[in-house]
Amino acid sequence: MGSPVEPRLPPVGAGRERAAAAIRAWLGDLLRPRLCVVTGSPGAGKSRLVAWVGAADAVTDRAVNGMIGARGMTARSMAWALADQLTLPGGEPGEVVARIAADRRRATVIIGELDESGVGCDGGGAAEIIKTLLNPVLELQHIRLLVDGRPETVNHFDAPAEVIHLDAPEWTDQAAFMAWLRVDQGGAGAMFPNAGLAEIALRCGAGPDVPGRWLAMVSPVARPAIEALASAYEPIDGAMWEAWTTALTGNPETARQALAAAAPLTVQSEGRYLLARVLRERVLAARQGQLAAQIGNAIGYALYSGVPKGQSGMPDWSRSTAYVRRHLLRHAVASGTADRMLADLGCVVHSDPLAVTAVIEAAGGDLTRRLAAAWDAAGPALAATQEPAERAALLRLCALQRQDNALAEGLAPHAARSPWSVRWAAARPADPAAARPADPTAGQSAGPASERADPATAEPAGPAAESADRAAGRWTGPVTALTSGPGEGAAPLLAASADGTLHVLARDGSPIGRIPNSTPALWGLVAFDDGAVMHLDPHGVLELSTRRKAQSRAEEIGNLLNLGGDTATETAVQPGAVHALITSQEAELTALGADREITRLLLGERNGTVQSWLLDDGPPTVVTTKLHDGPVTAVTCLRGPYGGHLVISGGADGAVRFWSPGEAPPPDPADLREGAVTALTAALADSRPVVVVGWNDGDIHLWDLATGNDAFLRLGFAATALLLDADGTLFVGGAEGIVALTLDFGSLLGPPYEGTE
């Protein structure tokens, strides 16, 4: 057998091997301080070195669990990115810190370019990022951070740190530095150990102020082109550079002459032009206030006017350049037009989410504040969504959840091509007092059923009353479990909210009734044809609420579900007998589910075992198998058209497994990820077998079992309950209540499997 090939890495460069070795030693030694800081003066090569270490770790040691570039980020977007790297739900910095604290997995994360954070990519966001997010994270024993930034940036850290200061000569081999430099023109070697300044000194000579010496070399002819290029947030092509320079000079010929004179002074790569950061900062710092505003306005206008226009004369953002999508809004902040740009929702959904996040925080108009409410809720998902139509659909969902119908209406045209759309969304009441239910039974203590109104037999409410009920707060609150009521077609939805209340909703989301329940945060619901409801609480207690004479409010749910009359339907399934059999066994239960017809009842255990109870003809029988390492967190069953069953389970171990009862389970999981499965559903939808999996980081995974095609949705929150209908409607429960989505399976999963001849 041959020996494995050692991965080949590019050299560190500039004689920085000592510094790189020290950083890699820190990565492998858990006894060292939890913070390692790479710092140094401008041009020292901090970010380049840290990026090399990250790349080297990825192909060798793999001690790093995540890498984040902080360029352009704020504390909020950094919190989203950090949560994403650790496979946790995003949120405000404090929320993310709490989630990381609750998640005890050890993790080492690289965060580079802190001194380029903020809306202007100038380090303006570093202090808040460190104070509100990174300092609190470093108080946790299981998190380690490798960061780079200038001294004035990293001084905001409170935690003890191992510091690699690249201005100190001991971190750089001078002979290797000189060999890397190749020539010592103009005494550039005297800039040791600063590689960036040495490269500039090759052009202008060494001295106490290398950037100033370089700027003095710029001729008046070249100056407009240099001013234009200094305004760029990333390398730009020659056409854009010329357009910007023309905007500053007002004369195309003058602009071309300026470009010809300036080009030799720039860094060129693949037809794009860039100023070294230390030079760019010197040019920007030399601008007077009025001149800076004039240059910002001219370049911002040139960028905006260069966006292709549609037939109506309005910007067609779908045809805008990558630079415009990433940075036009940052230029709008500099020119004072950010609020007006954010009013164009086409610009918002096509722009880089990091830029939108930073600019929303910097702007402050009324529309911007309303947009911010939806944007903040959707942010973690927006940052991971590439398609503008899906961003618009996601923002529209969050606007509807906040009762901002005007914003939702404005986003609708931009969401038209999304592969999923919002059918309806429960709206959180604006007034906390409005969350109190309006039905006369709410808030009363439990007592005999005859003393309380029965919502199932009450007079139907008219349209005005129904509207008033919904406005009065028929919001379910956070939802922990979802299932369908008995019957076919428009059977009601049954939802358990975090406080234990059981809600019965029509398929359009309108409320039918609610029953207070003393057990909060139910982990599973199964509704039988006779009106009985089985539910599992967080302590593993399996209870059955029947339609017989109610002894408690929880048991009245049977009356609500059995809307067809007063007589229970006789079925082969006897829920009471099933419940008695299950509870007679000793098992720590953690999950509950069933197929749509309830011919199989599924139970997950804390030890990873799944129980499959056959409830067809004859006495209930059970088959068990161990599928997970650790607790089963969700379980469901898909019944095929010919009666076969496929059990789908998810666990805290991050595994999704398929199992046909009576057969040996496959040795490998169908899916395996970091983090836990939080919800499962399956159905024959759109003529295809579809499984939907919710993860604790907010991902929703759709899987066509026949073709193997899959897709991901992100809604901005972790799904704690899922229910898929045969018509393609996906009901999602979470912290914001319930949302109903219409899925375009063709767009998401491709054509269905049609078999072979």
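Residues numbered from 1 in each chain as written. Predicted model: local features only at pLDDT ≥ 70, side-chain atom pairs only at ≥ 80, totals over all residues. Heavy atoms only, no water.

## Quick notes on the environment of Asp617
Stated precisely, the cut-off is as follows: Helix numbers and strand numbers start at the N terminus; a helix is a DSSP run of H or I with at least 4 residues, a strand a run of E with at least 2.
With respect to the secondary-structure elements, Asp617 resides in the loop between strand S19 (609-614) and strand S20 (621-626). For the pair formed by Asp617 and Thr599, sequence separation is 18 residues and the distance between their alpha carbons is 9.0 Å.

## So, the sheet that holds strand S6 (residues 236-237)
Under the convention used in this document: Strand pairing is assigned whenever DSSP detects at least two bridges linking the two strands.
Within the open sheet, the three strands sit side by side as S6-S8-S7. Their pairing is antiparallel. Lying at the two open borders of the sheet, with one neighbouring strand each, are S6 and strand S7 (267-269).

## Some words on the confidence of the model for the protein chain
Short version of the rule: Note on scores: pLDDT gives the predictor's confidence for each residue, bounded by 0 and 100. The contact criterion used is simple: two residues touch if any of their non-hydrogen atoms lie within 4.5 Å.
Here the protein chain averages 87 in pLDDT, and 88% of its residues register 70 or above. With pLDDT under 50 throughout, residues 548-555 is counted as low confidence; its partners more than four residues away or in other chains account for 19 contacts.

## Structural notes on the nonpolar core
Across soluble globular proteins, you tend to see nonpolar side chains buried next to one another. The condition that has to hold: Note on terminology: a nonpolar core comprises buried Ala, Val, Leu, Ile, Met, Phe, Trp, Tyr and Cys residues joined through side-chain atoms within 4.5 Å. For every residue, the accessible area (1.4 Å probe, protein chains only) is compared with the maximum for its type, and the residue is labelled buried under 20%, exposed over 50%, or partly exposed between those bounds.
Formed by 106 residues in total, the largest nonpolar core has its most connected members in Trp214, Trp241, Trp244, Trp420, Val732 and Leu743. Looking at this core element by element, the count peaks at eight residues for helix H19 (residues 366-383). When sequence neighbours within four positions are dropped, the list of residues in contact with Leu743 reads Pro419, Trp420, Leu702, Leu713, Leu724, Gly728, Leu730 and Leu748.

## Points about helix H4 (residues 93-102)
Filter applied, for reference: The directions from the helix axis to the C-beta atoms form the arc being described.
Of the positions making up H4, those classed as buried are Pro93, Val96, Val97 and Ile100. Buried residues along H4 cover an arc of 100° about the axis, so they all sit on one side. Each element contacted by the buried residues of H4 is listed here: helix H3 (75-85), helix H5 (126-138) and strand S4 (143-148).

## A short note on the sheet that holds strand S15 (residues 533-536)
The condition is simple: Axis definition: a line fitted to C-alpha atoms, over the contacting stretch in the case of helices. Angles run 0 to 180 degrees between N-to-C directions.
With antiparallel pairing, the three strands of this open sheet are ordered in space as S14-S15-S16. Whereas interior strands pair on both sides, the edge strands pair on one side only; in this sheet they are strand S14 (524-527) and strand S16 (542-545). Taking the axes of each pair of neighbouring strands and ignoring which way they run, one obtains an average angle of 15° across the sheet. Relative to S15, S14 runs antiparallel, the two being bridged by four bridges. Following the sheet pairing, Val526 is matched in S15 by Met534.

## Things to note about the packing of aromatic side chains
Cut-off, in case you're wondering: Classification of ring pairs uses Phe, Tyr and Trp, with its six-membered ring standing for Trp, and accepts pairs whose centres are within 6.5 Å; under 30 degrees between planes counts as stacked, over 60 as edge-to-face, and the remaining range as tilted. As a reminder, the over-ring test applies to NZ of lysine and CZ of arginine, requiring each to be within 6 Å of the ring centre and within 35 degrees of the ring normal.
Counted according to the given criterion, the structure contains seven aromatic pairs. Note on Phe177 and Phe192: the rings are 5.2 Å apart at their centroids and 80° apart in plane angle, and the pair reads as edge-to-face. Of this pair, Phe177 sits in helix H7 (residues 174-181) while Phe192 is found in the loop between H7 and helix H8 (195-204), placing the two residues 15 residues apart along the sequence. For the pair Phe177 and Phe192, a shared accessibility class is recorded, and that class is buried. Taken together, Phe177, Trp180 and Phe192 form an aromatic cluster joined through their ring pairs. The aromatic ring of Trp695 is capped on one face by Arg673, whose charged end is 4.5 Å from the ring centroid.

## Description of the environment of Gly728
As for its placement among the helices and strands, Gly728 is situated in the loop between strand S29 (721-724) and strand S30 (729-734). C-alpha separation for the pair Gly728 and Leu743, spaced 15 residues apart in sequence, amounts to 5.6 Å. With sequence-adjacent residues up to four places away left out, Gly728 is seen in contact with Ala685, Leu741, Thr742, Leu743 and Phe745.

## Section: the side chain of Arg507
For clarity, the cut-off: Polar contacts, as counted here, are pairs of nitrogen or oxygen atoms within 3.5 Å of one another; within protein the pair requires one atom able to donate a hydrogen and one able to accept it, and residues that are adjacent in sequence qualify only if both atoms are side-chain atoms.
By the secondary structure assignment, Arg507 is in the loop between strand S12 (502-505) and strand S13 (511-515). Within polar-contact distance, the side chain of Arg507 engages the backbone oxygen of Ala491 at 2.6 Å. Side-chain polar atoms of Arg507 contact the side chain of Asp725, separated by 2.8 Å.

## Section: helix H18 (residues 353-362)
The α-helix winds at 3.6 residues per turn, so residues separated by three or four positions along the chain end up facing the same way. The buried fraction of H18 amounts to seven of the 10 residues, a majority that puts the element mostly inside the structure. The elements touched by buried residues of H18 are H3, helix H15 (322-335), helix H16 (338-342), helix H17 (345-350), H19 and helix H20 (388-401).

## A look at the environment of Asp209
Take Asp209: it is sitting in the loop between H8 and helix H9 (210-217). Measuring from C-alpha to C-alpha, the distance between Asp209 and Leu197 comes to 9.5 Å, with 12 residues separating the pair along the chain. Here Arg282 takes part through its side chain, which lies 3.0 Å from a polar atom of the side chain of Asp209.

## Comments concerning unusual backbone geometry
Here the amide bond leading from Phe192 into Pro193 is cis, since omega sits at 5°, within 30 degrees of zero. Assignment of secondary structure puts Pro193 in the loop between H7 and H8. The backbone of Arg62 sits at a positive phi, close to 55°, despite the residue not being glycine. For Glu270, which is not a glycine, the phi torsion comes out positive at approximately 55°.

## Thoughts on the pattern of salt bridges
For clarity, the threshold we go by: Put simply, a salt bridge is a Lys or Arg side-chain nitrogen that is within 4 Å of an Asp or Glu carboxyl oxygen.
Under the defined criterion, the tally for this structure stands at 35 salt bridges. For Glu162, the salt bridge goes to Arg32, with nearest N and O atoms at 2.9 Å. Placement of the pair is Glu162 in strand S5 (residues 161-165) and Arg32 in the loop between helix H1 (17-27) and strand S1 (35-39), with a sequence separation of 130 residues. As a salt-bridge pair, Arg714 and Asp84 come within 3.0 Å of each other at their nearest N and O atoms. Taken as a pair, Arg714 in strand S28 (residues 710-714) and Asp84 in helix H3 lie far apart in primary sequence, 630 residues in all. A relative accessible area of 33% places Asp84 in the partly exposed class. Each of Arg71, Asp115, Glu116, Arg150, Arg277 and Glu281 takes part in one network of salt bridges that share partners.

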